[in-house]
Amino acid sequence: LRMGIYSLEDFIADWNKVLMEYSGSPVRLATNQEIVRQEYSGGNDIHNLPYNRGSIMAARWDRELKKKSHGKRGLDQVMRAMPGEAAKLGDKSPVSPDLFVETIGRMGLDIRAEVENVIEQGKPALLPKDAFGACIAVVTKSVPTYDHGFDLMATVRNGLVVTGLEPGGPAERA
């Protein structure tokens, strides 16, 4: 945005797409282990989940780091520092994502609990209202979601044999 390559309208449209896809995903609360197990058999919902969840958490952490450092540090500085941190530690360097967690921690933001709860355990990824500063407000809206009428995650784990059919639900009625 600062460089003028990306318009504010495009930025908002792209973020709305990410947030709508994430919030409407029937698998948004999948654990990291479930994502890894189903990456190639779970369709677009499971495939896109790590990208959408990661984008949301990155925006959250960028904002939190900027707040704590009074605008002096953000994710740009974390990413630029990672190769140097890895080189300093040599063979003892953790690999990503642990290197990211340690580097951002050295810059004053402890994200270990959020990584465990949101990334690993699949708790909801939420953006604060001021995630993008003063010029864009994040608002929460209720939107309709698609109801399969069965347990999609259990169905995928069961080799795509419908599992967890909801009595009286849309799948049973079909």
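Report on the accompanying structure. What you see is a predicted model; the values in this text were computed from it and never measured. (Residues numbered from 1 in each chain as written. Predicted model: local features only at pLDDT ≥ 70, side-chain atom pairs only at ≥ 80, totals over all residues. Heavy atoms only, no water.)

## Here's the deal with the overall build of the chain
Put simply, the rule is: We count a stretch as a helix when DSSP gives it H or I for four or more residues in a row; a strand needs E for two or more, and each element gets its number in order from the N terminus. Here the term buried applies to any residue with accessible area under 20% of the maximum for its type, exposed to any over 50%, and partly exposed to those in between, with areas from a 1.4 Å probe on protein chains only. The criterion used for residue contact is that any of the two residues' heavy atoms lie within 4.5 Å. Under the convention used here, a 1.4 Å probe and the Shrake-Rupley method define accessible areas, while residue burial counts only the protein chains that appear. Counting rule applied: Lys, Arg positive; Asp, Glu negative; His and chain ends not counted. Here the site of a charge means atom NZ of a Lys, CZ of an Arg, CG of an Asp or CD of a Glu.
Secondary structure assignment for the chain yields 8 helices and 0 strands. Looking at the chain residue by residue over its 174 residues, the buried ones come to 34%. Counting contacts in the chain only where the partners sit at least 6 residues apart, residues at least 24 apart contribute 55% of the total. Within the structure as shown, the chain displays about 11300 Å² of accessible surface, and the carbon and sulfur contribution to it stands at 55%. If you average the places of the 22 positive and of the 23 negative side-chain charges in the chain, the two averages end up 7 Å apart.

## Some points on unusual backbone geometry
In the segment running from Ser96 into Pro97, the intervening peptide bond is cis, with an omega of 10 degrees. Note on placement: Pro97 falls in the loop between helix 4 (75-89) and helix 5 (98-106). Residue His70 is not a glycine yet carries a positive backbone phi of 55 degrees. Within the secondary structure, His70 is located in the loop between helix 3 (43-68) and helix 4.

## Focus: the nonpolar core
Our working rule: Among buried residues, those of type Ala, Val, Leu, Ile, Met, Phe, Trp, Tyr and Cys that are joined through side-chain atoms within 4.5 Å constitute a nonpolar core.
Counting 37 residues, the largest nonpolar core has Trp61, Phe100, Ile104 and Phe132 as its most contacted members. Residue assignment for this core shows that the elements contributing at least two residues are helix 1 (8-23), helix 3, helix 4, helix 5, helix 6 (112-120) and helix 7 (152-157). By residue number, the principal contributor to this core is helix 3, which donates 7 residues. Once residues within four sequence positions are removed from consideration, Trp61 is found in contact with Phe100, Ile104, Leu109, Ile111, Glu114, Val115 and Ile119.

## Points about the packing of helix 4 against helix 5
As a reminder of what qualifies: A fitted line through C-alpha atoms represents every axis, and for helices the fit uses only the stretch in contact; the resulting angles, taken between N-to-C directions, go from 0 to 180 degrees. Geometric relationships in this document are graded by angle, where less than 35 degrees denotes roughly parallel, more than 145 denotes roughly antiparallel, 65 to 115 denotes roughly perpendicular, and other angles denote oblique. Definitions for this section: a left-handed crossing has its near helix turned counterclockwise from the far helix by less than a right angle. A right-handed crossing has that turn clockwise. Here the nonpolar group is Ala, Val, Leu, Ile, Met, Phe, Trp, Tyr, Cys and Pro; Asp, Glu, Lys and Arg are the charged ones; every other residue, Gly included, is treated as polar.
Following both chains from N to C, one finds helix 4 and helix 5 inclined at 110 degrees, their axes separated by 9 Å at the closest point. Here helix 4 lies roughly perpendicular to helix 5, going by the angle between them. For the pair helix 4 and helix 5, the sense of crossing is right-handed. On the side of helix 4, the interface is formed by Leu75, Val78, Met79, Ala81, Met82, Glu85, Ala86 and Leu89, while helix 5 contributes Leu99, Phe100, Thr103, Ile104 and Arg106. Counted by class, the contact of helix 4 with helix 5 contains 10 nonpolar, 1 polar and 2 charged residues.

## Description of the packing of aromatic side chains
For the record, the criterion: Ring geometry is summarised as follows: Phe, Tyr and Trp rings, the Trp one being its six-membered ring, pair when their centres sit within 6.5 Å, and such pairs are stacked at plane angles under 30 degrees, edge-to-face over 60 and tilted between the two.
On inspection of all chains with the given rule, the structure shows 4 aromatic pairs. With a centroid separation of 5.0 Å and an interplanar angle of 55 degrees, the aromatic rings of Trp15 and Phe132 are classed as tilted. Of this pair, Trp15 sits in helix 1 while Phe132 sits in the loop between helix 6 and helix 7, and the two are 117 residues apart along the sequence. As far as burial versus exposure is concerned, Trp15 and Phe132 are alike and both buried.

## Points about the layout of surface pockets
We apply this condition: Cavities and pockets are defined on a 1 Å grid built over the protein atoms alone: a cavity is a set of grid points where a 1.4 Å probe fits but cannot escape, while a pocket is an open set with protein on both sides within 12 Å along at least five of seven lines, and lining residues are those with an atom within 4 Å of any such point. Grid points are joined across faces, edges and corners, and a volume is the space filled by probe spheres set on the points.
Looking at the largest pocket, its volume works out to about 730 Å³. Around the largest pocket, the lining comprises 25 residues; the ones closest to its centre are Leu19, Val138, Val139, Thr140 and Lys141. Tallied by class, the residues present in the lining of the largest pocket amount to 17 nonpolar, 5 polar and 3 charged. Counted as a void, the second largest pocket has a volume near 580 Å³. Along its surface, the second largest pocket is lined by 20 residues, and Leu1, Arg2, Phe11, Asp62 and Lys66 are the ones closest to its centre. Looking at the lining of the second largest pocket, the elements that each hand over two or more residues are helix 1, helix 3 and helix 4. The leading source of residues in the lining of the second largest pocket is helix 3, at 4 residues.

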